[in-house]
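Notes for the structure review
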Amino acid sequence: MPGLADVKVTLYDIFGYLFPGLVALAGLGIFGWSLFWPKHPLHAFVKGGAGWFALIVTGYIVGHLVQAIANRLELSPEQKLFNALPEGLQHEVEAGTKVTGDAAGFWNYLICDTAIAQNGSTGDREIYQYREGFYRGLAVAFPIVVVALFVRLGRDGAAVKSGHTVHTLSSGVLWALAITAFLAAVLAWDRYRRFQKYKINNAFLGYLVLDGAFGQLPPPPPPVAG
């Protein structure tokens, strides 16, 4: 029977699920603190290895839920990006995939992406995928933090405890945190769109390279006689 040693953690597990999940979990924690314990100073509650393990597992699970929400918001620009290719490259892709038509960009992308994966040339593809997932998850997680901070602004008594010292959080600090989280969400959405574009274009162009549509590379120049 396989054990924990057989569990393989991918970069997408870390960047696509865990990190966005921890950000969303922080937002949910602020939300719960604001509603149920508004007068209690916020302090570190995770202690020991078991506590950190539980936090990581919970963040990972929340990350899956965040990505489920993100899937509902996901844009599908495959057709637009396919149409943006030079006409000659479009014809080369369609000649290989045998899929044509005004709305064939999505299927052409799937075929090209699958061909690259089956060929084993997945280095760039994986980089774009986990970065796209990372920023897409953050684009959902940070708005949760923003909403939680607005709820906290409506309740009195915001404070954090460090050791034996309690620091009051003014409305100015909470506003600054909310604005920062909002800007982070906007920037994360922009980065998500960018890496989504890179991923799709990489599939089309990578497929053409594998298909030999770009021809052979020129031979190297002859060595210079010494």
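For the structure, check the block above.
Note that this is a predicted model, so its numbers are computed, not measured. Note on numbering: residues in each chain are counted from 1, in written sequence order. With the structure being a predicted model, the display of local features is reserved for residues of pLDDT at least 70 and the display and counting of side-chain atom pairs for 80 or more, all residues being used for whole-chain, interface and lining totals. To get the side-chain values, all heavy atoms of the structure are used, and hydrogens and water are removed first.

So, a nonpolar patch on the surface
To be explicit about the condition: Within this analysis, patches are made of residues with over 30% relative accessible area and no salt bridge. Like charges are joined at 9 Å or less; nonpolar side chains (Val, Leu, Ile, Met, Phe, Trp, Tyr) at 5 Å or less. Calculation of accessible area relied on Shrake-Rupley with a 1.4 Å probe; when residues are assessed, cover is drawn exclusively from the protein chains displayed. Only one rule defines a salt bridge in this text: a Lys or Arg side-chain nitrogen within 4 Å of an Asp or Glu carboxyl oxygen. Under the scheme used here, helices are H or I runs from DSSP no shorter than 4 residues and strands are E runs no shorter than 2 residues, and both carry numbers assigned from the N terminus. Here's how the labels work: a residue is buried when its accessible area is under 20% of the maximum for its type, exposed when over 50%, partly exposed in between, all with a 1.4 Å probe on protein chains only.
Taken together, the side chains of Phe 150, Trp 175, Ile 179, Phe 182, Leu 183 and Val 186 present a nonpolar region at the surface, about 600 Å² in accessible area. The leading source of residues in the nonpolar patch is helix H7 (residues 171–211), at five residues. Along the chain, Leu 183 turns up in helix H7. Given the relative accessible area of 48%, Leu 183 is considered partly exposed.

So, the pairing of strand E2 (residues 165–168)
Along any regular strand the residues' side chains alternate between the sheet's two faces. We count it as follows: Strand pairing follows a simple DSSP-based rule, namely that at least 2 bridges must link the two strands.
The sheet contact formed by strand E1 (residues 159–162) and E2 spans four bridges and is antiparallel. The residue of E2 that forms the bridge with Ala 159 is Thr 168. Between E1 and E2, which pair antiparallel one after the other, the connecting turn spans two residues, and Gly 163 there sits at a positive phi close to 65 degrees.

Here we look at helix H4 (residues 87–97)
The line we're drawing: Throughout, the arc means the angular range of directions from the helix axis out to the C-beta atoms. What makes two residues a contact is simply this: any of their non-hydrogen atoms within 4.5 Å.
Restricting attention to buried positions, one finds in H4 the residues Leu 89, Gln 90, Val 93, Glu 94 and Thr 97. Each buried residue of H4 sits inside an arc of 135 degrees when the element is viewed along its axis, so together they form one side. Residues of H4 that are buried make contact with helix H3 (78–84), helix H5 (105–119) and H7. One or two positions beyond H4, positive phi appears at Lys 98, with a value near 65 degrees.

Focus on the nonpolar core
Formally: Here, nonpolar core means buried Ala, Val, Leu, Ile, Met, Phe, Trp, Tyr and Cys residues that are tied together by side-chain atoms lying within 4.5 Å of each other.
By size, the foremost hydrophobic cluster in this structure holds 19 residues, and its most contacted members are Ile 30, Tyr 135, Leu 138, Phe 142, Leu 149, Ala 181 and Ala 188. Among the elements of the structure, helix H1 (11–36), helix H6 (123–153) and H7 are those that each provide at least two residues to this core. Among the elements that make up this core, the one with the highest residue count is H6 (nine residues). Sequence-distant contacts of Leu 149, that is, excluding residues within four places in its chain, are made with Ile 30, Leu 174, Leu 177 and Ala 178.

Focus on the packing of H4 against H7
Put simply, the rule is: What counts as an axis is a line fitted to C-alpha atoms, over the stretch in contact for a helix, and the angles between N-to-C directions run from 0 to 180 degrees. Any angle that is under 35 degrees is reported as roughly parallel, and any over 145 degrees as roughly antiparallel; angles of 65 to 115 degrees are reported as roughly perpendicular and all others as oblique. By definition, turning the near helix anticlockwise from the far helix through less than a right angle yields a left-handed crossing, and turning it clockwise yields a right-handed one. Note that Gly is not counted as nonpolar here; it falls among the polar residues with everything else outside the nonpolar set of Ala, Val, Leu, Ile, Met, Phe, Trp, Tyr, Cys and Pro and the charged set of Asp, Glu, Lys and Arg.
Across the interface, H4 lies against H7 with an axial gap of 10 Å and an inter-helix angle of 70 degrees. When the axes of H4 and H7 are compared, the pair comes out roughly perpendicular. For H4 against H7, the interelement crossing comes out left-handed. Contacts between H4 and H7 involve Leu 89, Glu 92, Val 93, Gly 96 and Thr 97 from the former and Phe 204, Leu 205, Tyr 207 and Leu 208 from the latter. Here the contact of H4 with H7 is composed, by residue class, of six nonpolar, two polar and one charged.

Notes on the pattern of salt bridges
A complete count under the given rule lists two salt bridges for this structure. Between Asp 113 and Arg 125 there is a salt bridge, with its nearest N and O atoms 2.8 Å apart. Taken together, the residues span a long stretch of sequence, with Asp 113 in helix H5 and Arg 125 in helix H6 at a distance of twelve residues. Classification of Asp 113 by relative accessible area gives buried; the value is 10%. Here Lys 199 ties to Glu 132 by a salt bridge, and the two come within 3.0 Å at their closest N and O atoms. Placement of Lys 199 in helix H7 and of Glu 132 in helix H6 is noted, with a sequence separation of 67 residues between them. Here Lys 199 falls in the buried class, since its relative accessible area comes to 12%.

Let's talk about the packing of aromatic side chains
In this description, a pair of aromatic rings is defined by centroid distance and the angle of the planes. The cut-off we apply is this: Here a Phe, Tyr or Trp ring, Trp counted by its six-membered ring, pairs with any other such ring whose centre lies within 6.5 Å, and the pair is stacked when the planes are under 30 degrees apart, edge-to-face when over 60, and tilted otherwise.
The full count for this structure, using the stated rule, is 16 aromatic pairs. Here the aromatic rings of Phe 36 and Trp 37 are separated by 5.8 Å at their centres, their planes lie at 65 degrees, and the arrangement is edge-to-face. The exposure class of Trp 37 is partly exposed, given its relative accessible area of 48%. Ring centres of Phe 134 and Tyr 135 lie 5.0 Å apart, and the angle between their planes is 65 degrees; this geometry places the pair in the edge-to-face category. Here Phe 134 falls in the buried class, since its relative accessible area comes to 18%.

Some points on a positive patch on the surface
Heads up, the rule is: Counted as positive: Lys and Arg. Counted as negative: Asp and Glu, with His and the chain ends omitted from the count. To locate a charge, take NZ of a lysine, CZ of an arginine, CG of an aspartate or CD of a glutamate.
Together, Lys 80, Arg 131, Arg 191, Arg 193, Arg 194 and Lys 197 line one region of the surface with positive charge. It is H7 that provides the largest number of residues to the positive patch, a total of four residues. Positionally, Arg 194 belongs in helix H7.

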